[in-house]
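Chain by chain, the residues:
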Amino acid sequence: MKNDFEKAATIGLAHITEWLSGGKREGDEYTALNPTRADKHAGSFRVNLKSGAWADFATGDKGGDAVSLYAFLHGMKQGDAAREILEEYDPSFSIQEVEDAVTLDDYASAKKLPLAFLKKIGLETIYFKKAPAVKFPYYNEAGDEVACRFRLALHGDNRFRWRKGSRVMLYGLWRLKSAQKSTFVYTFEGESDTQTAWLFGLPALGVPGATTWRREWAPLLEGLTIYVWQEPGAGGVQFRDSIGASIPDARIIEAPEGTKDISEAHVRGDDVPALLERLRATARPFREIEAERLAAEASEARTAAAPILALPNVLDAFARAVAQAGLVAETKNAKILFLALSSRILSRPISIIIKGPSSAGKNTMLEFVIKFFPESAVYALSSMSERALAYSQEPLKHRFLIVYEFSGMNSDFASYLLRSLLSEGRIRYETVEKTSEGLMPKLIEREGPTGTIITTTAIKIHPENETRIFSLTADDSTNQTAAIMSELAGRMNGKQPEAVDFTLWIAFQKWLELEAVKDVSIPYAQALAEGANAKAIRLRRDFTSVLNLIAIHAIVHQKHRKLDALGRVIATSDDYRAIFDLIIGILNEGVALAVPATIRETVKAVGELHAAKGAPVTIKELYEHLGIDRSVASRRVSSALSGGYLKNLEEKRGRPLKLEPGDPLPADENVLPDPVQVCACAGGDKIPPPCAEVQKPYDRAPKREEGGKKDDQGGGGAITPRTHMHTCTPPDREAEVVDHVFGGLF
């Protein structure tokens, strides 16, 4: 079957334009109306004619080949679609004989449905491939036959075929008006259950298969209470979830034990109306079932992540774990990436760009960090066309879009889409499309919030995007290169990274998504604003990111934080100290209040060489003097030239640089106030000195603190500190403390 599937996918490529007639070809892409819905304007439904990959950007439906496209268009399983493509277009394919070809009489007898009743609703015997089959006509709301499905057999996988040109639709639309008089409607998978319900005068609609529900059908059922029959097994769950996603208030009827569907119950002799009435009384809304499922997932994640939730310093534990997994150094950058990716749960995620020369390890560092996150947290691409951000159907809400090697997205249009994503956390792109009615506007929306992480060898990206994103620089020092080579040599000689239980960290991230408190109060936010360097105009944007970093750090450590009266996590001085230490250098450099040490070293070297030789300095002289790679020296020089700290006396492009010192290097300033200068609360109390003792809450208990005041944690009980932690634990003892308390698990 695998070879048949691949063959069908290849053959199908030549017939895509036939299946979707009236479309328009643009290079390798074909744009057409989606025949499975009321699509009036071309543009949202696109197919790649080379691969068969397709997507409807308006609905989110997608597939990877011509077989999946055919299956989508005809509402069938992919195995059936592959078989039908081969039967239709491959003369050498031998048509499998249907062992139990069925007539209308056979079908009526098997389903115990009166023959006259079935004829009245349009069923009849026809011949398909010279074998008898039953025709199921599909009528629209006006009663016109607009589609047709054939039942070829009573049993087996190869039971159904759509008539060529048929559009997948709900079965029973012509009876929708009578259903509206009842104020409710049953929804079943397939025609036979629907016909059984009609026999007893019950309002019902049929969905052709478990995977064929279309969310654009939901408006047809507005004003009705929807009862969805969930058959046993994975198919029934998929059927339930697909309808529930677009109609959360749909009430779910779970098939009773021993009964697959009402057709089976009817054949067995059960009282179908009484059965449905009884089950309808106990049906539950999908949103309630989904909430229970998410609560169970959250509980499972909480239990699995308990060792991490108990850690007083998650970032340090992560740094140790990612190093054990094989990442060499880059501790600070890895911590920032961990917080950024965790910030996907916020309304404004923290976006990052990682810069560095080729082979500096940008992508490797990012890949190590991603291992600690569930697949649902990221959407990673090695490349992307300039319009993909607008037209891709991949969900981006509360996820991170990761693009490796961003250089291919430097067009103005791609930069505009990225800027929209960075500024608004979503994409709203209005374009104009040619239709039969002339040029018509079309609004494409990609729901967020979405964070972005990109890697690039470029020194700068589009200036409007550069100021909306934190820039990390991969360590290009000779020490880092030596450390990496040493690590690689060790692995060659049998030294392997230590085993890391990624499931713990993934469970922790799932807990953050599903159960963690996501609202944060930062009592010292006003003091932080007042103490910031107002000369840095870029802080108008960066300050929000600073606050969000403090917030996500507090959220990650919320098991060791208090909640205020509104149930928000109260950020402590520890949260600001941690963020200050991680990003102060990045912020200072971003707003030009500081110069990186590597640039200072480079400018100093040019000055020394220039003074010694009394002439301009070449790149070769510079990198030989510094003992670094040529590409690294070139990047540093480019940065220094853009800042005016070096001058290039060579005026002709393409000629070797002639370097000499430029403007004096400025003294470094901090854009943010030192943590000890920031108020610890809105009332103006100062942050305790580094060695002040603070309580860390662990357990809830119905106990009041001294003075009779309840320590409000938002859950009604007081907090009983099980231990006291000090904010002044020396860095060289932090690992020792973690090992002592948690047995060296990390």
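Quantities reported herein were computed from a predicted structural model and do not represent experimental measurements.

Draft legend 1. Fine view of the overall build of the protein. Along the backbone of the protein there are 28 helices and 29 strands. Taking the contacts inside the protein whose residues are at least 6 apart along the sequence as the reference set, 65% of them involve residues at least 24 apart. Of the roughly 35,200 Å² of accessible surface on the protein, a fraction of 51% belongs to carbon and sulfur atoms.

Draft legend 2. Quick peek at the pattern of salt bridges. Following the criterion strictly, the structure yields 30 salt bridges and no others. For the salt bridge of glutamate 145 with lysine 135, the shortest nitrogen-to-oxygen distance reads 3.3 Å. Placement of glutamate 145 in strand S8 (residues 145-151) and of lysine 135 in strand S7 (residues 131-139) is noted, with a sequence separation of 10 residues between them. The shortest N-O distance in the salt bridge between glutamate 621 and lysine 613 comes to 2.8 Å.

Draft legend 3. Just the sheet that holds S7, in detail. Strands sit in the order S6-S7-S8-S9 across an open sheet of four strands; the sheet is antiparallel. Edge positions in the open sheet fall to strand S6 (124-128) and strand S9 (160-162), since each of these has one partner strand only. Along the sheet, successive strands turn relative to each other by an average axial angle of 40°, direction set aside. Both S7 and S8 contribute to a ladder of six bridges, which runs antiparallel. Residue pairing in the sheet places valine 134 in a bridge with arginine 151 of S8.

Draft legend 4. Fine view of the environment of arginine 426. Tracing the sequence through the fold places arginine 426 in the loop between helix H18 (412-424) and strand S18 (427-435). Sequence separation of arginine 426 and glycine 448 is 22 residues, and the distance between their C-alpha atoms is 4.5 Å. Every residue in contact with arginine 426, bar those within four places of it in the chain, is listed here: Ser420, Leu421, Glu445, Arg446, Glu447 and Gly448.

Draft legend 5. Seen up close, helix H3 (residues 66-74). Most of H3 sits out of view: nine of its nine residues are buried. Buried within H3 are the following residues: Ala66, Val67, Ser68, Leu69, Tyr70, Ala71, Phe72, Leu73 and His74. A positive phi of about 60° marks glycine 75, the residue just after H3.

Draft legend 6. Highlighting the sheet that holds strand S10 (residues 184-189). Strand order in this open sheet of five strands is S11-S10-S12-S13-S14, and the pairing throughout is mixed. Across the chains shown, the open sheet's two edge strands, defined by having one partner strand only, are strand S11 (204-207) and strand S14 (284-285). When strand S13 (residues 251-254) meets S14, the two strands line up antiparallel, connected through two bridges. Opposite arginine 251, over in S14, you have proline 285 as the bridge partner.

Draft legend 7. Inspection of the packing of helix H15 (residues 331-342) against helix H16 (residues 362-370) at higher detail. At their nearest, the axes of H15 and H16 sit 10 Å apart, and the two run at 50° to each other. When the axes of H15 and H16 are compared, the pair comes out oblique. Crossing geometry of H15 relative to H16 is assigned as right-handed. Within the contact between the two elements, H15 uses Asn333, Ala334, Leu337, Phe338 and Leu341 and H16 uses Met365, Leu366 and Val369.

Draft legend 8. The pairing of strand S3 (residues 45-48), seen in detail. Of the pairings in the sheet, the one linking strand S2 (residues 29-32) to S3 comprises four bridges and is antiparallel in character. Residue pairing for S3: tyrosine 30 is matched across the bridge by valine 47. Sheet analysis places S3 next to strand S4 (residues 54-56), joined by three bridges and oriented antiparallel. By the bridge assignment, phenylalanine 45 is partnered in S4 with aspartate 56. Connecting the antiparallel pair S3 and S4 is a turn made up of five residues, with glycine 52 showing a positive phi of about 85°.

Draft legend 9. Structural view of helix H27 (residues 630-643). Its 14 residues place the ends of H27 20 Å apart at the C-alpha level, agreeing with the 20 Å of an ideal helix rising 1.5 Å per residue. Taken together, the buried positions of H27 are occupied by Val632, Ala633, Arg635, Arg636, Val637 and Ala640. Looking at the packing, one finds that the buried side of H27 touches strand S15 (352-355), helix H25 (597-613), helix H26 (619-626), strand S24 (646-648) and strand S25 (659-661). Backbone geometry just after H27 places glycine 644 at a positive phi near 85°.

Draft legend 10. The pairing of S7, seen in detail. Summarising burial for S7: seven of the nine residues are buried, a large majority. Across five bridges, S6 lies against S7 in antiparallel orientation. Bridge pairing in S7 links threonine 125 to valine 134. Counted between consecutive antiparallel strands, the loop separating S7 from S8 contains five residues, among which glycine 143 sits at a positive phi close to 90°.

Draft legend 11. Structural context of the nonpolar core. Counting 84 residues, the largest nonpolar core has Trp19 and Leu20 as its most contacted members. In terms of residue count, the dominant contributor to this core is H3 (seven residues). Ranked by size, the runner-up nonpolar core spans 77 residues in total, among them Leu309, Ile354, Trp505 and Ile586.

Draft legend 12. Examining the side chain of threonine 455 more closely. Structurally, threonine 455 is set in strand S20 (residues 450-456). Here asparagine 363 takes part through its side chain, which lies 2.8 Å from a polar atom of the side chain of threonine 455.

Draft legend 13. Structural view of the environment of leucine 514. Following the sequence through the fold, leucine 514 ends up in helix H21 (residues 502-514). Residues leucine 514 and arginine 302 lie 212 residues apart in sequence; the distance between their C-alpha atoms is 9.5 Å. Dropping the residues within four chain positions of it, leucine 514 is found in contact with Leu294, Glu297 and Ala298.

Draft legend 14. Spotlight on the packing of aromatic side chains. For the coordinates displayed, the defined rule picks out 28 aromatic pairs. On the numbers, 5.7 Å between centres and 80° between planes, the contact of tyrosine 171 with tryptophan 174 is edge-to-face. Exposure remark for tyrosine 171: the relative accessible area of 0% places this residue in the buried category. Its relative accessible area of 22% is what places tryptophan 174 among the partly exposed residues.

Draft legend 15. Region of the structure containing the confidence of the model for the protein. The predicted model of the protein averages 82 in pLDDT, with 83% of residues at 70 or higher. In this model, residues 680-746 is a region of pLDDT below 50 whose contacts with residues beyond four sequence positions or in other chains number 121 contacts.

Draft legend 16. Main features of the environment of isoleucine 226. Within the secondary structure, isoleucine 226 is located in strand S12 (residues 225-230). Counting along the chain gives 59 residues from isoleucine 226 to proline 285, while the straight-line C-alpha distance between them is 9.4 Å. Beyond its immediate stretch of four places on either side in the chain, isoleucine 226 contacts Val185, Thr187, Leu221, Ile247, Ala250 and Arg251.

Draft legend 17. How the structure looks around the packing of H26 against H27. Two numbers describe how H26 lies on H27: the axes approach to 9 Å, and their chain directions differ by 110°. Taken together, the axes of H26 and H27 lie roughly perpendicular to each other. In the crossing of H26 with H27, the sense of the turn from one axis to the other is right-handed. Note on element contacts: H27 touches H26 through Arg630, Ala633, Ser634, Arg636 and Val637, opposite Ile619, Leu622, Tyr623 and Leu626. Here the contact of H26 with H27 is built from residues that sort into six nonpolar, one polar and two charged.

Each value, and the rule that gives it
- Residues numbered from 1 in each chain as written.
- Predicted model: local features only at pLDDT ≥ 70, side-chain atom pairs only at ≥ 80, totals over all residues.
- Heavy atoms only, no water.
- Helix = DSSP H or I, 4+ residues; strand = E, 2+ residues; numbered from the N terminus.
- Contact = heavy atoms within 4.5 Å.
- Areas by Shrake-Rupley, 256 points an atom, 1.4 Å probe, with all protein chains shown as cover.
- Salt bridge = Lys/Arg side-chain N within 4 Å of Asp/Glu carboxyl O.
- Pairing = 2+ DSSP bridges.
- Axes fitted to C-alpha atoms, helices over the stretch in contact; angles between N-to-C directions.
- Buried < 20%, exposed > 50% of the residue type's maximum accessible area, 1.4 Å probe, protein only.
- Parallel < 35°, antiparallel > 145°, perpendicular 65-115°, else oblique.
- Left-handed = near helix turned anticlockwise from the far one by under 90°.
- Expected span 1.5 Å × (residues − 1).
- Core = buried A, V, L, I, M, F, W, Y, C linked by side-chain atoms within 4.5 Å.
- Polar contact = N/O pair within 3.5 Å; in protein donor to acceptor, adjacent residues only side chain to side chain.
- Phe/Tyr/Trp six-rings, centres within 6.5 Å; stacked < 30°, edge-to-face > 60°.
- pLDDT = per-residue confidence, 0-100.
- Nonpolar A, V, L, I, M, F, W, Y, C, P; charged D, E, K, R; others polar.

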